[in-house]
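These are the residues of each chain, in order.
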Amino acid sequence: MASRTWILGVSVLFLASCTDPVAPDDLAFADGDRWQRTTLGDIDADVIVGDGTPSDGYGRPALIILHGCAQSASDIVSRTNLADVADAFDAVVVVPSVPDGGVYAGCWDYYGSSHSRTSGHSGDLLDMVDALLADSSLDVGEDRVWIAGLSSGGGMAAVMGCLAPDYFSGVGIAAGPAPGTTAWQISSVAVSASTARSTCTSLAGSNSGAFSTQLSSAVSGTSDYTVAQGYAEVNADMFALVYKGSGSALTESSVDVSALEGYSPAGTGTVYSKGSDDRILLISATGMGHAWPGGTGPGYTSGFVAPEGVDYAWTLAEFFAENSLRTPPYSADDGDTDTDTDTDTDTDTDTSTEPKPQPDIVRFVAMGDGGEGNEAQYAVGAAVRDVCAAKTD
């Protein structure tokens with residue numbers, strides 16, 4: 001691995017690696033020729049389509065990932081292996097940008113217990129899903145729409161899973177507060193699973209029957225001191241109560257987190273089952289801070305994406321696909337129909353299943369910045385690169 005130099009000043013921190021700098025426009029979209037920026041309903045989103053389609057006739061899954069506050073869609077896109085997820089699970093991956101810059105600081109409006117299917121961010125997201133389903137070229141299956149997010153995006157994903165269980169067969173919550181909480185209730189757990197369950201079922205209303213075939217997941221990092229780590233368990237327990245209905249309580253069993261997809265994943269995991277059906281996956285990721293679990297390779301958290309640990313997007317797709325109750329279950333690259341008509345017979349394609357490390361990035365990091373960087377910061381990075389080059393001459 002390339003060496004890194006840390007220089008601590010009065011109010012700034014320098015992080016450098018003796019490699020070429022990556023400009024902001026190049027950082028976004030490592031698979032830039034495949035990602036497309038488009039508008040779905042009233043939401044701008046980055047979209048990538050897998051290179052195959054499931055052969056069972058139920059259409060492609062759509063995995064929607066909502067960014068957090070002070071984070072952008074490009075942070076998620078550029079610092080994860082979502083193209084691999086799209087290809088392996090024949091999926092459409094959608095990373096929307098919060099409309100109108102969010103309620104504040106780029107946040108999704110998950111706050112409180114009043115949400116509508118026809119207005120606000122919740123209405124915008126359902127309109128976005130309708131647009132996805134209406135695009136025949138994407139071939140998204142209506143029973144294979146999954147939603148996930150980080151922080152406020154995780155809170156919003158939980159709200160959407162409650163408000164519209166008929167739309168979302170899978171819900172993933174990364175460091176997200178429980179439904180019904182306010183903006184000022186993130187640092188400590190403010191609701192019980194039972195209270196959150198009441199909020200959730202109230203939001204669903206007449207659509208509550210769809211909970212019988214919904215799956216969910218929650219993850220938190222043991223070093224997250226932004227959103228209370230206990231919300232992950234509250235959200236998992238909330239959905240366990242919702243899925244229980246009038247039946248028996250869901251049973252719990254441990255999961256080997258180190259066996260999940262990612263880069264050196266570590267932590268504890270629990271799967272909640274109803275009978276023989278696995279319904280909920282709960283993960284506590286060792287050492288992870290307030291971040292989306294990227295699982296791409298070694299490195300430092302940037303843009304609120306953690307490169308080390310679980311690849312949560314892959315883990316969600318795998319859990320939702322293999323345990324689906326609305327469509328036949330399937331596994332990664334299981335019986336897909338390849339839509340790539342390229343007849344090139346080159347055999348130099350990397351087929352390794354090892355995580356793909358992100359490229360080293362030279363940039364100047366200001367204390368408290370959101371990980372985006374700007375031209376001035378990258379200019380400083382270029383100067384550091386030149387010093388590194390001179391040292392090797």
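Above this text sits the structure in question.
Keep in mind the model is a prediction, meaning the values are calculated, not measured. (Residues numbered from 1 in each chain as written. Predicted model: local features only at pLDDT ≥ 70, side-chain atom pairs only at ≥ 80, totals over all residues. Heavy atoms only, no water.)

(A) Structural detail: the packing of aromatic side chains. Following the criterion strictly, the structure yields eight aromatic pairs and no others. Three or more aromatic residues link up through ring pairs in this structure, and these residues are Tyr104, Tyr110 and Tyr111. The ring of Tyr243 carries the charged tip of Arg279 above its face, separated from the ring centre by 4.4 Å. (Phe/Tyr/Trp six-rings, centres within 6.5 Å; stacked < 30°, edge-to-face > 60°. Lys NZ or Arg CZ within 6 Å of the ring centre and 35° of its normal.)

(B) Local environment of the packing of helix 6 (residues 193-204) against helix 7 (residues 230-244). At a minimum axis separation of 8 Å, helix 6 and helix 7 run at an interaxial angle of 60°. One finds that helix 6 runs oblique with respect to helix 7. Once helix 6 is placed against helix 7, the crossing between them reads as right-handed. For the pair helix 6 and helix 7, the contacting residues are Ala193, Ser194, Ala196, Arg197, Cys200 and Thr201 in the first and Val234, Asp237, Met238, Phe239, Leu241 and Val242 in the second. (Axes fitted to C-alpha atoms, helices over the stretch in contact; angles between N-to-C directions. Helix = DSSP H or I, 4+ residues; strand = E, 2+ residues; numbered from the N terminus. Parallel < 35°, antiparallel > 145°, perpendicular 65-115°, else oblique. Left-handed = near helix turned anticlockwise from the far one by under 90°. Contact = heavy atoms within 4.5 Å.)

(C) Looking closely at the packing of helix 5 (residues 152-163) against helix 6. Running from N to C, helix 5 and helix 6 point in directions that differ by 55°, and their axes come no closer than 7 Å. When the axes of helix 5 and helix 6 are compared, the pair comes out oblique. Counting all contacts with helix 5, which are made through Val159, Cys162 and Leu163, the residues of helix 6 involved are Cys200, Leu203 and Ala204. Residues that form the contact of helix 5 with helix 6 fall into these classes: six nonpolar, no polar and no charged. (Nonpolar A, V, L, I, M, F, W, Y, C, P; charged D, E, K, R; others polar.)

(D) Structural context of a nonpolar patch on the surface. Together, Val103, Tyr104 and Trp184 make up a nonpolar patch on the protein surface, roughly 390 Å² of accessible area in all. Structurally, Trp184 is set in the loop between strand 9 (170-174) and helix 6. (Patch = residues over 30% accessible without salt bridge, like charges linked within 9 Å, V, L, I, M, F, W, Y side chains within 5 Å. Areas by Shrake-Rupley, 256 points an atom, 1.4 Å probe, with all protein chains shown as cover. Salt bridge = Lys/Arg side-chain N within 4 Å of Asp/Glu carboxyl O.)

(E) Here's a closer look at the sheet that holds strand 6 (residues 60-66). An order of 3-4-7-6-8-9-10-14-13-11 is seen for the ten strands of this open sheet, with the pairing classed as mixed. For this open sheet the edge positions go to strand 3 (36-40) and strand 11 (251-255), each flanked by a neighbour on one side alone. Taking the axes of each pair of neighbouring strands and ignoring which way they run, one obtains an average angle of 20° across the sheet. Sheet topology note: the strand 11/strand 13 (residues 267-274) ladder contains five bridges and is antiparallel. Across the sheet, the residue bridging to Val255 is Gly269, located in strand 13. (Pairing = 2+ DSSP bridges.)

(F) Region of the structure containing the state of the cysteines. Tallying each qualifying case throughout the model produces two disulfides. At a sulfur-sulfur separation of 1.9 Å, the disulfide partner of Cys69 is Cys107. Measuring handedness by torsion sign, the sulfur bridge of Cys69 and Cys107 sits at about 125° and is right-handed. On the criterion of sequence distance, the pair formed by Cys69 in the loop between strand 6 and helix 2 (73-78) and Cys107 in the loop between strand 7 (92-96) and helix 4 (120-134) is long-range, its members being 38 residues apart. The class of Cys107 is buried, set by a relative accessible area of 2%. Between the sulfur atoms of Cys162 and its disulfide partner Cys200 the distance amounts to 2.0 Å. Taking the torsion about the S-S bond as the criterion, the Cys162 to Cys200 disulfide, at about -100°, is left-handed. On the criterion of sequence distance, the pair formed by Cys162 in helix 5 and Cys200 in helix 6 is long-range, its members being 38 residues apart. (Disulfide = S-S within 2.5 Å. Buried < 20%, exposed > 50% of the residue type's maximum accessible area, 1.4 Å probe, protein only.)

(G) Representation of the pairing of strand 7 within the structure. When you tally the buried positions in strand 7, you get five out of five residues, the bulk of the element. What you see with strand 7 is no split at all: Val92, Val94 and Pro96 on one side and Val93 and Val95 on the other are buried throughout. Sheet topology places strand 4 (residues 43-49) next to strand 7; five bridges connect them, and they run antiparallel. Bridged to Ile48 within strand 7 is Val93. Of the pairings in the sheet, the one linking strand 6 to strand 7 comprises three bridges and is parallel in character. Its bridge partner lying in strand 7, Ile64 is registered against Val94.

(H) Here's a closer look at a negative patch on the surface. Together, Asp42, Asp100, Asp127 and Asp130 make up a negatively charged patch on the protein surface. Structurally, Asp100 is set in the loop between strand 7 and helix 4. With relative accessibility at 82%, the residue Asp100 sits in the exposed group. (Lys, Arg positive; Asp, Glu negative; His and termini not counted. Charge placed at Lys NZ, Arg CZ, Asp CG, Glu CD.)

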